[in-house]
Amino acid sequence: MSLSERGSLLPLVATVSAGGALGALSRHALDVLWPPAASGVSWTILAVNVTGSLLIGLLMELVVHRWPGNRLVRPFWGVGFLGGYTTFSAYATDVVTTLERGAPQVALVYLLLTLAGALTAAWAASSLAHRFLTHGGGRNP
Amino acid sequence: MSALMVVLGAAVGAPVRFLVDLELKRRFGEGFPWGTLAVNVVGSLALGSLLALPLSPELSALLGVGLCGALTTYSTFAYETVQLSRTGSRGRALVNVLAHLCLGVGSAWVGLTVAGALLG
C-alpha cells in the first residue's frame, strides 16, 4: 500500500473506529440492562444481532437511493456502528458454553433462531426499503 | 469503567475488521465474503480463549466485549449472505452460512478447550 493510499484511508479508519465504539457501547448497555439468562445464552445478544441485521438492510438501501454522495454514512453507520453493535464471537462462544453446560436444545434453538432471524431481517428490511425508496414497487433490474 | 474499556476495545476492533476486509477483497476479489468470515473465525477463537483465562472485569470488557465483539459482526454476515443469494450465488450463500457455523462455532470451541487445557 502506498503512502497516498494510506493517507486517504485514515479518515475512513477513524470513522469506522468511532462508529464501532458507539455500536459496541450500545450493545454493552443493552447487555447490562438485560443480562444473560441462567441457561447461559444471551437473548439480548440475539435481539441485538437480529435488529442490527434489520438496520443494515435498511441502511444499505438508503445509502444507494437517498445518500449516494455521502461517503461517510456507510463507514460510520454500517461498517462501524452496526458492525460493532452486532457480534459473532459472543454468539459462537454462547453456543459452545451452553452445549458444555449440558443444554444442547437451548444451544441449538439459540444458534438457529439467531441465524434465521438475522437473515430474514436483513432480507425483509432491504426488500421493503428498496420498494419504498424506488417508488415503483417490485425490484428494479 | 467497563463502558470505557468496551469503547477502547471496539475503537480498535472495528477498524481492524474494516482493514482485513479491504485487504482480502483486494487479494481475492468480491466473489465471496472472505474478510467477514476471517474476522468472525479469528474473533471467535480469540473470545473462546479469553473466556478460559482468569481475566479481571476490566480486561474482559476491553478484550472480550470491546475488541472481539467489534472485530466480529453478525449484520455484515447476514447482509452479505442475502446479497449472495440475491445475485444468483445461492450455493455460495449456503457455503458462507455453513462455514460461519462450522468454523466460527468450531473455533470458539477450540479456543475454550485449548486455553482451558493449557491452564490445567
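Cut-offs and rules
- Counting of residues starts from 1 at the beginning of each chain's written sequence and follows it residue by residue.
- Written order decides the labels, with chains lettered from A and ligands numbered from 1.
- Given that the model is predicted, a residue must reach a pLDDT of at least 70 before its local features are reported, and side-chain atom pairs must reach 80 or more before they are shown or counted; all residues, however, enter totals for whole chains, interfaces and linings.
- With hydrogens and water set aside, each side-chain value is computed from the structure's full complement of heavy atoms.
- Helix numbering and strand numbering both begin at the N terminus, where a helix is a DSSP run of H or I of at least 4 residues and a strand a DSSP run of E of at least 2.
- Here, Shrake-Rupley sampling with a 1.4 Å probe gives the accessible areas, and only protein chains in the shown set may cover a residue.
- UniProt positions are given in the numbering used here, feature names are shortened, and annotations may be inferred rather than shown by experiment.
- The rule is simple: put a 1 Å grid over the protein atoms alone, call a set of points where a 1.4 Å probe fits but cannot get out a cavity, call an open set with protein on both sides within 12 Å along at least five of seven lines a pocket, and count a residue as lining if it has an atom within 4 Å of a point.
- By definition, residues are in contact when any of their heavy atoms lie within 4.5 Å.
- Any N or O atom pair separated by 3.5 Å or less is treated as a polar contact, with the protein-specific requirement of one donor-capable and one acceptor-capable atom, and with residues adjacent in sequence counted only for side-chain atom pairs.
- Two parts placed together each lose some accessible area under a 1.4 Å probe, and the buried area is that loss summed for both.
- Basic side-chain nitrogens of Lys or Arg form a salt bridge, by our definition, when they fall within 4 Å of a carboxyl oxygen of Asp or Glu.
- Lys, Arg, Asp and Glu make up the charged group, whereas Ala, Val, Leu, Ile, Met, Phe, Trp, Tyr, Cys and Pro make up the nonpolar group; the residues left over, Gly among them, are polar.
- Each Phe, Tyr or Trp ring (for Trp, its six-membered ring) is paired with any other whose centre lies within 6.5 Å, and the angle between the two planes then decides the class: stacked below 30 degrees, edge-to-face above 60, tilted in between.

Asker: Before we move on, can you summarise the overall build of chain A with the specific residues and values?
Answerer: Within chain A, the secondary structure is distributed over five helices and zero strands. Mapped from its N terminus to its C terminus, chain A presents α and β elements in the order α-α-α-α-α. Along the three orthogonal principal directions, the C-alpha set of chain A runs to about 50 × 45 × 30 Å. On chain A, roughly 7100 Å² of surface is accessible, and the fraction owed to carbon and sulfur atoms is 70%.

Asker: Break down the UniProt feature "binding site: Na(+)" (unreviewed entry) in chain B for me, citing the residues and quoting the values.
Answerer: Mapped onto the present numbering, the UniProt feature "binding site: Na(+)" (unreviewed entry) falls at Gly69 and Thr72 of chain B. Restricting the annotated residues just mentioned to those that line the second largest pocket leaves Gly69 of chain B. Take glycine 69 of chain B: it is sitting in helix α3 (residues 57-71). When neighbours within four sequence positions are excluded, glycine 69 of chain B is seen to be in contact with Arg27, Gly83, Gly84, Thr86, Thr87 and Ser89 of chain A together with Gly64 of chain B. Turning to its location among the elements, threonine 72 of chain B is positioned in the loop between α3 and α4 (75-86). In this structure, threonine 72 of chain B is in contact with Gly83, Thr86, Thr87, Phe88 and Ser89 of chain A together with Arg17, Val39, Asn40, Gly43 and Ser44 of chain B, ignoring residues within four places of it in sequence. At 2.9 Å, the side chain of threonine 72 of chain B and the backbone oxygen of cysteine 68 of chain B are in polar contact.

Asker: Got a sec to walk through the interface of chain B and chain A? Specific residues and values, please.
Answerer: Facing the 42 residues of chain B at the interface are 44 residues of chain A. In total, chain B and chain A occlude about 3400 Å² of area from one another, counting both sides; carbon and sulfur atoms represent 75% of this. Between the two partners, chain B and chain A, sit zero salt bridges. For the pair chain B and chain A, the number of links is 17 residue pairs in polar contact (both at pLDDT 80 or more). Counting only elements with at least two residues in the side of chain B that touches chain A, the list comes to α1 (2-28), α2 (34-52), α3, α4 and α5 (90-118) of chain B. Top element by residues in the side of chain B that touches chain A is α1 of chain B. It accounts for 12 residues. Residue composition of the side of chain B that touches chain A, grouped by class: 26 nonpolar, 14 polar and two charged.

Asker: Please provide a residue-by-residue account of the packing of aromatic side chains, values included.
Answerer: Counting across every chain of the model gives 11 aromatic pairs over all chains. Counting every residue linked through ring pairs, the aromatic cluster contains Trp43, Phe88, Tyr91 and Tyr110 of chain A together with Tyr74 and Phe77 of chain B.

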